[in-house]
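Fold and geometry: a report
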Amino acid sequence: MKTRSPASATALVGLQFGDEGKGKLVDWFAEQFGLIIRYNGGANAGHTVQNALGTFKLHLVPSGIFTNGAQCFLGNGAVVDPEQLVLELGALREAGIDTRGFFLSSKAHLVMPWHKVEDVLFDKARGKDAIGTTGRGIGPCYVDKVNRCGIRVGTLLDQRMLRERVHVAYTTKVHALRRQFPTVDFTIPKEDAIIAQLQKSTETLGEYIANTDVLARIAWKNGTRILLEAAQATMIDLEFGTYPYVTSSLATSAGACSGSGLPPTAIESVVGVAKAYTTRVGNGPFPTELFDESGETLRAAGQEFGTTTGRPRRCGWFDAPLVRYACNVNGADKVFLTKLDVLSALPSLRICVAYDFRGEIRIAPPGPQEPYEEFTPVYEDLPGWHTPIAGVTSWDALPDAAKRYVDRIEEMIGVPVATVATGPAREHIIVR
Ligand code: IMP
């Protein structure tokens, strides 16, 4: 009879619209794990990690790469821009980071040059309904995956297969694009140039390509503690986010299994990461968005500019119904709250505790048939703390108003806030 291996995996997910500071937390948290697997998304993600080794902006390599001795996988649920990955691994090695523990799933899909062109052209064609994508080819790459005409990373290892697949995709895609956008001047390299570039990338990437899902299951059976690292977040998740203003991958804890190859029985805990206020980059609903000076103050104090595109992030108050919904979707059993120190910049604070929808009080975000624009936040006002708290590492050292703010969030979302981050560095964290 088979005995079941004990669950030893923790999923770490974003609870808002992305950019919650997951990179920093993975860097800090990863020390407790022997294997870290990033399971979704592609180079649309931007994780900033600041530690004793320097400041790093990661797009594809898991933020756990700085943990000595740990293995780091980019799982099958991710989409990979090979040139970007080569650059990223090169920059890490140049900074003296050991990348030998990194492995790339042979089942992940390749972002091809036409995907990036499609991404930009299709989003532009949406006009006023544009999603505001990062332009990294993510949506079109996942479309091809689902349409069963994508090219997987493992193909890089077989020259004949690579040529065949690129040829079929190139002829269909590039011709279709030229037909669909006859008046637009776009550039896609020639087929031979694309193959040559892929071969060049393979010289670096070849040694990292592996059956990471098989390796992940072996590690789990052997009792290795595993961290499943999400990119993006619940409210821009393909299934549970503010569709269609979402990304094209599965960013919730449900995606942690399909994107890594671990079965659901391997997961013992889900950590949700939320910012102490809300930000969003790109278009789409944002009930608590601020259009006044407070929003500007948050953007400046929190350095709220996209890591991937440099776009200014939209800023607003903490939205408790939204984060509670995200906790429920993910089954979060603890929450890591980030950037509490940024709120020192504001004299008084607000938390959205419910929405008013046509005179009716709602405590959950709208369904797809209900217009988000008609969900007006109902706010609770809280005092600010008028003092800098950047770098504070003990709960007791926080001003009472800051403690009250965190306690109130905890009450509203119904999940314990286990840590509070007070600055960008690894050690700027309060463990409660
Ligand atoms: P895409 O993922 O490039 O297709 O973009 C779809 C939407 O998700 C856009 O609104 C992007 O701004 C947003 N998005 C994608 N990745 C991230 C991220 O890592 N952080 C925050 N927003 C993101």
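See above for the structure.
All of the points below concern the structure found in this document. Nothing here was measured: the structure is a model prediction, and the numbers come from that model. (Residues numbered from 1 in each chain as written. Predicted model: local features only at pLDDT ≥ 70, side-chain atom pairs only at ≥ 80, totals over all residues. Heavy atoms only, no water.)

1. Quick look at the overall build of the chain
On a plain count of helices and strands, the chain comes out with 11 helices and 20 strands. At 22 Å, the chain has a C-alpha radius of gyration in line with the 22 Å of a compact globule built from 432 residues. A principal-axis box enclosing the C-alpha atoms of the chain has dimensions of 65 × 55 × 50 Å. Across the chain, the fraction of contacts at a sequence separation of at least 24, relative to all contacts at a separation of at least 6, is 76%. (Helix = DSSP H or I, 4+ residues; strand = E, 2+ residues; numbered from the N terminus. Rg over C-alpha atoms; globule rule 2.2 N^0.38 Å. Contact = heavy atoms within 4.5 Å.)

2. Focus on the packing of aromatic side chains
According to the stated counting rule, one finds 13 aromatic pairs in the structure shown. Taking 5.9 Å as the distance between ring centres and 35° as the angle between the ring planes, the aromatic pair formed by Phe 122 and Phe 181 counts as tilted. Placement of Phe 122 in helix 3 (residues 113-125) and of Phe 181 in the loop between helix 5 (159-180) and helix 6 (191-205) is noted, with a sequence separation of 59 residues between them. Look at Phe 181 and you get buried, because its relative accessible area is 13%. Lying across the ring of Phe 33, Arg 225 places its NZ or CZ 4.7 Å from the centre. For the cation-ring pair, Arg 432 lies above Trp 395, with the distance from its terminal atom to the ring centre recorded as 3.9 Å. (Phe/Tyr/Trp six-rings, centres within 6.5 Å; stacked < 30°, edge-to-face > 60°. Buried < 20%, exposed > 50% of the residue type's maximum accessible area, 1.4 Å probe, protein only. Lys NZ or Arg CZ within 6 Å of the ring centre and 35° of its normal.)

3. A few points about the packing of helix 2 (residues 82-94) against helix 6
Where helix 2 meets helix 6, the closest approach of the two axes is 9 Å, and the angle between their N-to-C directions is 35°. Read as a crossing pair, helix 2 and helix 6 show a hand that is left-handed. Between helix 2 and helix 6, the contacting residues are Pro 82, Glu 83, Leu 85, Val 86, Leu 89 and Arg 93 on the first element and Gln 197, Leu 198, Ser 201, Thr 204 and Leu 205 on the second. Split by residue class, the contact of helix 2 with helix 6 holds 6 nonpolar, 3 polar and 2 charged. (Axes fitted to C-alpha atoms, helices over the stretch in contact; angles between N-to-C directions. Left-handed = near helix turned anticlockwise from the far one by under 90°. Nonpolar A, V, L, I, M, F, W, Y, C, P; charged D, E, K, R; others polar.)

4. Focus on the state of the cysteines
Per the stated rule, a full pass over the model turns up 0 disulfides. Cys 327 takes part in no disulfide bond, and the closest cysteine sulfur, belonging to Cys 352, lies 15 Å away. By relative accessible area, which is 0% here, Cys 352 ends up buried. (Disulfide = S-S within 2.5 Å.)

5. A short note on the site of the ligand
Taken together, 15 residues form the shell around the ligand, and within it Asn 44, Thr 134, Thr 247, Val 281 and Arg 311 come nearest. At 2.8 Å from an oxygen atom of the ligand is found a side-chain nitrogen or oxygen belonging to Asn 44. A distance of 2.6 Å is found between an oxygen atom of the ligand and a side-chain nitrogen or oxygen belonging to Thr 134. If the ligand stood free it would expose 470 Å²; the protein chains cover 97% of that surface. (Near = heavy atom within 4 Å. Polar contact = N/O pair within 3.5 Å; in protein donor to acceptor, adjacent residues only side chain to side chain. Areas by Shrake-Rupley, 256 points an atom, 1.4 Å probe, with all protein chains shown as cover.)

6. Topic: unusual backbone geometry
Geometrically, the link from Tyr 243 to Pro 244 is a cis peptide bond, its omega value of 5° lying close to zero. By the element assignment, Pro 244 lies in the loop between strand 10 (226-229) and helix 8 (253-258). At Lys 339, a position not held by glycine, the phi torsion is positive, near 60°. Structurally, Lys 339 can be placed in the loop between strand 15 (334-338) and strand 16 (348-357). Taking relative accessible area as the criterion, Lys 339 reaches 22% and is therefore assigned partly exposed. Of note, His 386 is a non-glycine position whose phi angle comes to about 50°, a positive value. Structurally, His 386 can be placed in the loop between strand 18 (375-383) and helix 11 (400-413). The exposure class of His 386 is exposed, given its relative accessible area of 61%.

7. Looking at the side chain of Asp 213
As for its position among the elements, Asp 213 is in helix 7 (residues 212-221). In this structure Asp 213 comes out as buried when scored by relative accessible area, which is 8%. Apart from the residues lying within four places of it in its own chain, the contact partners of Asp 213 are Asn 76, Lys 107, Ser 260 and Gly 261.

8. With respect to the environment of Leu 162
Inspection of the secondary structure assignment puts Leu 162 in helix 5. Leu 162 sits 118 residues away from Asn 44 along the chain, and the two C-alpha atoms are 25 Å apart. Excluding residues within four positions of it along the chain, Leu 162 makes contact with Thr 155, Leu 156 and Leu 198.

9. Focus on a nonpolar patch on the surface
Where nonpolar side chains cluster on the molecular surface, the patch consists of Val 214, Leu 215 and Ile 218 and spans about 220 Å² of accessible area. Inspection of the secondary structure puts Leu 215 in helix 7. The exposure class assigned to Leu 215 is partly exposed, which follows from its relative accessible area of 34%. (Patch = residues over 30% accessible without salt bridge, like charges linked within 9 Å, V, L, I, M, F, W, Y side chains within 5 Å. Salt bridge = Lys/Arg side-chain N within 4 Å of Asp/Glu carboxyl O.)

10. A short note on the side chain of Thr 155
Within the element layout of this structure, Thr 155 appears in the loop between helix 4 (138-146) and helix 5. Take Thr 155: its relative accessible area is 4%, and that puts it in the buried class. One polar contact links the side chain of Thr 155 to the main-chain carbonyl oxygen of Arg 152, over a distance of 2.8 Å.

11. Overview of helix 10 (residues 320-330)
Counting buried positions along helix 10 yields 8 of 11 residues, so the element is predominantly enclosed. All buried positions along helix 10 are accounted for by Ala 320, Pro 321, Leu 322, Val 323, Arg 324, Ala 326, Cys 327 and Asn 330. Looking one or two residues beyond helix 10, the residue adopting positive phi is Gly 331, at roughly 70°.

These figures capture arrangement, not role.
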